[in-house]
Amino acid sequence: MLRLHYSAISDVGRVRKDNQDSGYVGPWVLAVCDGVGGAARGDVASSTAIQQLRKLDEPPSEELLGQVSGALHRAHDRINELVDEDPSLNGTSTTATVALFDGTRIGVGHVGDSRAYLFRDGEISQITKDHTFVQGLIDEGRISEEESRVHPHRNLILKALGGPSDIEPDLFILELKEADRLLLCSDGASGVLDDGRLADILSMGTPDYAAVELVRASLEAGSSDNVTCIVADVVDPEADGAPDLDQLEPMLVGAAAELRRRTARGSMGSLFRGHRSGDTGELEAISADIPGDAPSGTSSDPEAARYAPRPPRRLGWLKPILALAVVAGVLWIAGAAAWSWSQEQYYVGEDGGHVVIFRGVNADLPGFSLSQPYESTDVELTRLSDFDAGKVREGIDAGNLADAHDTVDNLAAKQTPAEATP
């Protein structure tokens, strides 16, 4: 079975005040989340999502995509729960790109504009597709990939974890082979490095080296965002020269790792110190002079405007009511099915001193009987032996109505001969 040799790094960059990216990599899982929200704390959203996604880091079942989809939906729900508990977080969301490894394949789940790449045989390919406004323009042939990198609305995302809408992540399986190299990164890297530059860096060195160089190259290329990169090599641990993976520990990076330390000591700062001008790191304001090119009402803060405007969360009380209605419906269906089954069951019991065939289950619930007399007989308990009468009082199960009749016939034959009923 193949294994992963991996590394991860997340850097606040040279402009941003805090890191809203989070990442995790382990033997079975690679995940990158890029949080957004400005004052609404995108770091909380990305950290929350990573904490859910990292729970996948164990040998997976055959249902790779089911596990990935479930983790993404749990992360989405958990972020919304935090918003419900703390309204100041309203508006926070995060991208998510996650790969679950089973030894030969990865199951990929993707929401937003973080990306996953495959570097194989010297060629790089982007295996995820951005959920962005400019990607739609590219698909329509209105702009090129190069033009999208400088488009004024390049940061506008159409899908994210968190928010009033249900998520529909992209889900797919990718077969891997030895010597493949995987890259998961936030748009702080992919937004400034084209495929050729990414391929150049991925063609060199260990995962540690490649991850560090990707971040360094992104910042040197002018990235004004946080930068997170995860690099993982697919290796055969039995091959000659294979790296020793036994001591390789999972890595948690970015806001998920720094949140508590930032709370205690302030921002962790950048690992790659460089010139800081007076620029606050915010991109230019989104202008409204391109008719039809973007939704109206976008904010001048690119972090606040990173996701397409969504309707406010109204009728929040309706969600728990609908959930209760669904639960009640499921219970009603289950109860109806159980009742239908019970009405196909029979047993022989006693009623008014006579042997009676009952329809239903020989049991009762508080205030509710699960059976009722179905057919009376002339067989009297006083004419049976104590043993047989005791069995009747306890109830004699029958597989069906015919078996119940056979049981009654046997009891009738055991009555006191002089008083036997024809």
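Higher on the page you've got the structure.
*Asks:* Would you take a moment to explain helix α11 (residues 401–413) for this structure?
*Replies:* Since the α-helix packs 3.6 residues into each turn, any two residues three or four apart lie on the same face. Here α11 is 13 residues long and its end C-alpha atoms lie 19 Å apart, about the 18 Å a rise of 1.5 Å per residue gives. Buried residues of α11: Ala404, Thr407, Val408 and Leu411, and no others. Down the axis of α11, the buried side of the element spans an arc of 100°, and every buried residue falls inside it. Buried positions along α11 lie against β13 (346–351), β14 (354–365), β15 (368–380), α10 (386–394) and β16 (396–398).

*Asks:* How should the sheet that holds β13 be read in this particular structure?
*Replies:* The strands that make up a sheet pair up through hydrogen bonds in the backbone, lying either parallel or antiparallel. Strand order in the open sheet made by the four strands is β15-β14-β13-β16, with antiparallel pairing throughout. Either end of the sheet is taken by a strand with one partner, and the two such strands are β15 and β16. Taking each pair of neighbouring strands and ignoring which way they run, the sheet shows an average axis angle of 40°. With eight bridges connecting them, β14 and β15 associate as antiparallel partners. In the sheet register, Val356 faces β15, and the bridge partner there is Ser376.

*Asks:* So what exactly am I meant to see when it comes to the sheet that holds strand β7 (residues 115–120) here?
*Replies:* An order of β1-β11-β10-β7-β8 is seen for the five strands of this open sheet, with the pairing classed as antiparallel. The open sheet has two edge strands, β1 (3–11) and β8 (123–126), and neither has a second partner. Across the sheet, the mean angle from the axis of one strand to that of its neighbour is 20°, orientation sign disregarded. The sheet contact formed by β7 and strand β10 (residues 181–185) spans five bridges and is antiparallel. By the bridge assignment for β10, Ala116 is matched with Leu184.

*Asks:* Quick question: what am I supposed to make of the environment of Leu30 here?
*Replies:* Within the secondary structure, Leu30 is located in strand β3 (residues 29–36). According to the relative accessible area criterion, Leu30 is buried, its value standing at 0%. In this structure, the C-alpha to C-alpha distance between Leu30 and Ala232, residues 202 residues apart in sequence, is 8.3 Å. Setting aside residues up to four positions removed in sequence, Leu30 forms contacts with Leu4, Tyr24, Val25, Thr97, Val98, Ala99, Leu184, Ile230 and Ala232.

*Asks:* Even after reading the chapter, I still don't get the environment of Gly136, so can you show me in this structure?
*Replies:* In this fold, Gly136 is placed in helix α3 (residues 133–139). By relative accessible area, Gly136 is classed as partly exposed at 25%. Between the alpha carbons of Gly136 and Leu158 there is a distance of 9.9 Å; along the sequence they are 22 residues apart.

*Asks:* In this structure, what is going on with the side chain of Asp130? I would like to understand it.
*Replies:* Structurally, Asp130 can be placed in the loop between β8 and α3. The class of Asp130 is buried, set by a relative accessible area of 10%. A distance of 2.7 Å separates the side chain of Asp130 from the side chain of Arg115, its partner in a polar contact. Beyond its immediate sequence surroundings of up to four residues, Asp130 is in contact with His110, Gly112, Asp113, Ser114, Arg115 and Gln135.

*Asks:* Can you help me understand the packing of helix α1 (residues 42–53) against helix α2 (residues 64–85) in this one?
*Replies:* When two helices pack together, their arrangement is captured by the angle between the axes and the distance separating the axes. At a closest axis distance of 9 Å, the pairing of α1 and α2 adopts a crossing angle of 140°. Considering the angle they form, α1 stands oblique to α2. For the element pair α1 and α2, the recorded crossing hand is right-handed. Between α1 and α2, the residues in contact are Val44, Ala45, Thr48, Ala49, Gln52 and Leu53 and Ala71, Leu72, Arg74, Ala75, Arg78, Ile79 and Leu82, respectively. In the contact of α1 with α2, the residues fall into nine nonpolar, two polar and two charged.

Rules used throughout
- Residues numbered from 1 in each chain as written.
- Predicted model: local features only at pLDDT ≥ 70, side-chain atom pairs only at ≥ 80, totals over all residues.
- Heavy atoms only, no water.
- Helix = DSSP H or I, 4+ residues; strand = E, 2+ residues; numbered from the N terminus.
- Expected span 1.5 Å × (residues − 1).
- Buried < 20%, exposed > 50% of the residue type's maximum accessible area, 1.4 Å probe, protein only.
- Arc of directions from axis to C-beta.
- Contact = heavy atoms within 4.5 Å.
- Pairing = 2+ DSSP bridges.
- Axes fitted to C-alpha atoms, helices over the stretch in contact; angles between N-to-C directions.
- Polar contact = N/O pair within 3.5 Å; in protein donor to acceptor, adjacent residues only side chain to side chain.
- Parallel < 35°, antiparallel > 145°, perpendicular 65-115°, else oblique.
- Left-handed = near helix turned anticlockwise from the far one by under 90°.
- Nonpolar A, V, L, I, M, F, W, Y, C, P; charged D, E, K, R; others polar.

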